[in-house]
Every structure is written in C-alpha cells, then in structure tokens.
Amino acid sequence: MTQDDGELDALVRKRIRALRVAQGWSLDELATRAQLSPSTLSRIENGQRRLALDQLVTLARALDTTLDQLVETATDDVITSPTIDAAHGQMRWPVRADPGMTVVRRRMTNPPPDSPSSMRAHPGREWLVVLSGTAILLLGNRRIRVETNQAAEFPTMLPHAIGAEGGPCEILGIFDRDARRGHQRGEGTEGASRSRG
C-alpha cells in the first residue's frame, strides 16, 4: 500500500466514525444497520481490519451516503473565485457539489417592475438571502418584503421579479440548474438585470 493509499484508508475510517457519531448511533446501531458485528465495525473504524469493498458499499448505504462520497479525496480546491458579470452587476460562483447549482451576488438599486409582463417564469427553484437593504419580491400575485438577513425560496415557475425598496439592496441567490438556465436565456433583454429574481 502506498502512502496515498494509507492516507485514504485512514480518511475513510475517520469518515465512517464521524458519520456514525453525527447520526447519534452507537457501534451496535450502525453494525445492525450494516449487517456487521459490532466488533468488526470497531476494528474497521480503528484500523485493525482491512477495508473490504463489499463492506464499504454496505456501510455507505447504512450511513445514507454513496461509496463515491465515502472515498472522496478531492479537497485541493477549497476556495472558489467568482466570475464577474459587470454588464448585469453580478458575481457568480459555481457550486462543485452539484454542477447545476450557481450562487449569484447582485446589488440592486431599482424597484421591481410595475408591469406584470416584466415578470418571468421558467422551470427550477431559487433561494435568496438579502445581505443588506430591503428587497421586494414579486411572486405571482404577491408582493413580499424581504428584509436584511431574511431568505426566500420559491419555484421559478411562478412569475417572479425582484427589486430594491428605499435604497440599494444586495442579495445572494442560489439557482438550481433549470433556474440558472432560465435566467441566462433572459439576460439579453432590456432591464433584465434589475427586474428578474
């Protein structure tokens, strides 16, 4: 076994124990769920027993994770820098855990649009938090005031738009793959950076 293999082995053992403890399970409880004896599980966690692939698959299932996540080692790129979209006043960060997810930071100064025709609907879900100021979220027939540190989550199939109230506001939004695509398709439209949620 190489040094890298030894490090992965130790990481997987620590991860199994940490996931068990996070669930609040004793060795006996996880052993029962994984159909292992408690002594076998104890030896796996303590490095006194070789890690077998079939046991890792069973343990991953019992811990409600996947084998890939149990043996994942890619932690080199912890820090992500945003891409800047100056034309729309946005910063964007991709979310590696789900390539379809995108985080967007936006500063808004204009109020939401007056015209319902400016509201957009498209497949997906969006989550946003107001970092500063007050935002007005138009969602279907509702007008929702979102204050600093409040968050909103909604399906983007509802017609929606967002704007500032009483001065500039800054929001951080998370879009799933479908919501991100829906927003990207509309970015060329006039006033899109201020009127879409």
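Scroll up to find the structure.
We now turn to the structure provided with this report. (Residues numbered from 1 in each chain as written. Predicted model: local features only at pLDDT ≥ 70, side-chain atom pairs only at ≥ 80, totals over all residues. Heavy atoms only, no water.)

## What to know about the pairing of strand β5 (residues 135-139)
Counting buried positions along β5 gives five out of five residues, so the element sits mostly inside the fold. Residue alternation in β5 divides its side chains into two sets, Ala135, Leu137 and Leu139 and Ile136 and Leu138, and both sets are buried. Examined bridge by bridge, β5 and strand β6 (residues 142-146) share five bridges and lie antiparallel to one another. Its bridge partner being in β6, Leu139 is matched across the sheet by Arg142. Here β5 hands over to β6 after two residues, with Gly140 in that stretch at a positive phi of 60°. Direction of pairing for β5 relative to strand β8 (residues 160-164): antiparallel, over a ladder of five bridges. Paired with Ala135 across the bridge in β8 is Ala164. (Buried < 20%, exposed > 50% of the residue type's maximum accessible area, 1.4 Å probe, protein only. Helix = DSSP H or I, 4+ residues; strand = E, 2+ residues; numbered from the N terminus. Pairing = 2+ DSSP bridges.)

## Comments concerning unusual backbone geometry
Its identity as a non-glycine residue notwithstanding, Asp64 has a phi of 60°, on the positive side. Assignment of secondary structure puts Asp64 in the loop between α4 (53-62) and α5 (67-71). Exposure remark for Asp64: the relative accessible area of 70% places this residue in the exposed category. Phi at Asn149 is positive, roughly 75°, even though this residue is not glycine. With respect to the element layout, Asn149 can be found in the loop between β6 and β7 (151-155).

## Quick word on the packing of helix α2 (residues 27-34) against α4
The geometry of α2 relative to α4 is characterised by a closest axis approach of 8 Å and an angle of 110° between their N-to-C directions. When the axes of α2 and α4 are compared, the pair comes out roughly perpendicular. Along this stretch, α2 crosses α4, giving a crossing that reads as right-handed. The residues of α4 that touch α2, namely those facing Leu30, Arg33 and Ala34, are Thr58, Leu59 and Ala62. For the contact of α2 with α4, a count of residues per class yields four nonpolar, one polar and one charged. (Axes fitted to C-alpha atoms, helices over the stretch in contact; angles between N-to-C directions. Parallel < 35°, antiparallel > 145°, perpendicular 65-115°, else oblique. Left-handed = near helix turned anticlockwise from the far one by under 90°. Contact = heavy atoms within 4.5 Å. Nonpolar A, V, L, I, M, F, W, Y, C, P; charged D, E, K, R; others polar.)

## Considerations on the sheet that holds β6
In sheet architecture, strand pairing relies on hydrogen bonds along the backbone and comes in two forms, parallel and antiparallel. With antiparallel pairing, the three strands of this open sheet are ordered in space as β6-β5-β8. Every interior strand has two partners, whereas the edge strands, β6 and β8, have only one. Neighbour-to-neighbour, the strand axes of the sheet open up by a mean angle of 20°, direction not taken into account.

## Considerations on the pairing of strand β4 (residues 125-132)
By the bridge criterion, five bridges tie β4 to β7 in an arrangement that is antiparallel. Looking at β7, one finds that Val129 is bridged to Ala151. Pairing analysis gives six bridges linking β4 to strand β9 (residues 169-175), with the strands arranged antiparallel. Bridging across to β9, Glu126 finds its partner in Phe175.

## Focus: the environment of Gly140
Looking at the secondary structure, you find Gly140 in the loop between β5 and β6. In sequence terms Gly140 and Pro159 are 19 residues apart; their C-alpha atoms lie 5.1 Å from each other. In this structure, Gly140 is in contact with Met119 and Pro159, ignoring residues within four places of it in sequence.

## Section: the pattern of salt bridges
Taken as a whole and assessed by the stated rule, the structure comprises six salt bridges. With a shortest N-O distance of 2.7 Å, Arg105 and Glu170 are connected by a salt bridge. You can see Arg105 sitting in strand β3 (residues 102-108) and its partner Glu170 sitting in strand β9, a full 65 residues away along the chain. Between Arg145 and Glu147 there is a salt bridge; the shortest N-O distance is 2.5 Å. (Salt bridge = Lys/Arg side-chain N within 4 Å of Asp/Glu carboxyl O.)

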